[in-house]
Every structure is written in structure tokens, then in C-alpha cells.
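The primary structure of each chain is shown beneath.
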Amino acid sequence: MNAVTWDQRERIIGLLADASADPEIRAVVVTATGRGFCAGADLRGSPSSSGDRVVGDVARMIRLGAQRFIGAVMDCEKPVIAAVNGTAAGIGAHLAFACDLVLAADSARFIEVFVRRGLVPDGGGAYLLPRMIGPQRAKELMFFGDAVSAAEAERMGLVNRVVPAEDLPKTAREWAERLAQGPTRAITLTKQLVNASLDVDRTTAFAAEATAQELNMTTRDAQEGVASFVERREARYEGR
């Protein structure tokens, strides 16, 4: 069920960092094989610790582990699509929700499994869900830990689109190709503006928007977009 190990988490963080730095990479798809998308964290894959646990150890582990993992998705400088092929539970659900766009197979399920284990949601869940579906619905999912079907997740606003399982890879590729043909830096700046918008006041948001457009207008893609409009032709974006 693709429970994520410590090694896998570190590899994914590294791949996302590489995607940010490589101008040839213009979109990212996060998906899985088998029956599940991600069943949560596999603690058996974490480095062993010696000695007795002291106050602060767990908070540090969460901060440097699950939160850093989810933050890497949100901070990736390329658009990230989740293609959820099966059950996404715990940190697996939060991994999907942290992506910019979420596609789900009709067989997918999302489970805030933490309460079933007597745990507090971590990996950014209490940050992400209220912003996506409001505090009341977020509490319902987190208090009860019930499985949410793909169709219900789409109705709630957790998923952009549900497709038949056999169409998921094709649809994810089509979306990624559309993004990869777009003005990458403009999409990145848009992602950053939207992600920050619910945490700042209007004055700050407007100032950030103006600064982002100022930066964006220095890119070749922005110049190409304006030129293609004037010349009445299709724009040819290079991601630079």
C-alpha cells in the first residue's frame, strides 16, 4: 500500500528539489503503483534512535520529517499533480492535498487515519484541510477518521477531478503536458501567490501580486506571450 519509508521520503524531497532547479522539468506528477496511493508513514523505515526519548524529540521528528515532506511539495517551483490511484491515508492523504492539482481514480479513498491510532494529524493536515473545505468539514474528517470516496472528495473540493481508474495515467499525462507547455515561471509565481493568499491581509497580497508580475515581466515567456497576442499567433513558451 506504499506506506512511505524514511528513505523514500528523503528521495522524494530530493527529486522535488531537483525539479525546482532544472529548467527542463516543467511539471511533476506524484503517483503510485499497486492497490494504494500511500497508506501513511512506515515508521519501520526511520533511522533508529539510541537512548531514552526526551521532550522535543517528537516535535523535531515531525518538523524535520512529515512537515518537511509536505512543505517540499508545496514549495516545489513547478506545478505538482497528484494522480491518486487508490487509498490515500494519513500522510498519504496530506501528500495528495499538498499538490497543486489532484486527480483521483474512481476507486480512490482518502482517510484521516490519525484519530484511529489516538494521534493528532500531522504533516500539515490541520493547515491544509480547513483551507480546502472549511474548519467544520475538516473537523468531521479528523474527529471520525471515516474513509471518503473519490466522488465525495470531489464534491467537498479536495479533488479536482475523478476519472475511471484505467484513465488515470492518461489524464495525468495530458494535464502534465498542458502545464509543461505553459509559461512555467508565471505558473510558479501564481502557485506561490495562491498558497500565501489565505495567510496574509489584502494589502500584503496585493503587494505580492504586483511584485510577482514585475518579476514575471522579465521572463522570455512573458515577452513571448505579449508578442504572440500582438501578432495573433499561438504562443510558444520555453519555461524561461
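Notes on the structure follow. Worth saying up front: this structure is predicted, and the values here are computed from it rather than measured.

## Remarks on helix α10 (residues 202–216)
- For α10, with 15 residues, the first-to-last C-alpha span of 21 Å sits near the 21 Å given by 1.5 Å per residue.
- One side-chain oxygen of the residue at the start of α10 lies 3.3 Å from the amide nitrogen of T203, identifying that residue as D201.

## Quick word on the packing of aromatic side chains
- The final tally for this structure, using the stated rule, is one aromatic pair.
- Both rings, one in F97 and one in F110, keep their centres 5.5 Å apart while their planes meet at 25°; by these two values the pair is stacked. Taken together, the residues span a long stretch of sequence, with F97 in helix α4 (residues 91–98) and F110 in strand β6 (residues 109–111) at a distance of 13 residues.
- With a relative accessible area of 5%, F97 lands in the buried category.
- In this structure F110 comes out as buried when scored by relative accessible area, which is 4%.
- Cation over ring: R131 sits above Y127, and NZ or CZ is 3.8 Å from the ring centre.
- When the ring centre of F206 is taken as reference, the NZ or CZ atom of R202 above it lies at 5.4 Å.

Scoring rules and cut-offs
Residues numbered from 1 in each chain as written. Predicted model: local features only at pLDDT ≥ 70, side-chain atom pairs only at ≥ 80, totals over all residues. Heavy atoms only, no water. Helix = DSSP H or I, 4+ residues; strand = E, 2+ residues; numbered from the N terminus. Expected span 1.5 Å × (residues − 1). Polar contact = N/O pair within 3.5 Å; in protein donor to acceptor, adjacent residues only side chain to side chain. Phe/Tyr/Trp six-rings, centres within 6.5 Å; stacked < 30°, edge-to-face > 60°. Buried < 20%, exposed > 50% of the residue type's maximum accessible area, 1.4 Å probe, protein only. Lys NZ or Arg CZ within 6 Å of the ring centre and 35° of its normal.

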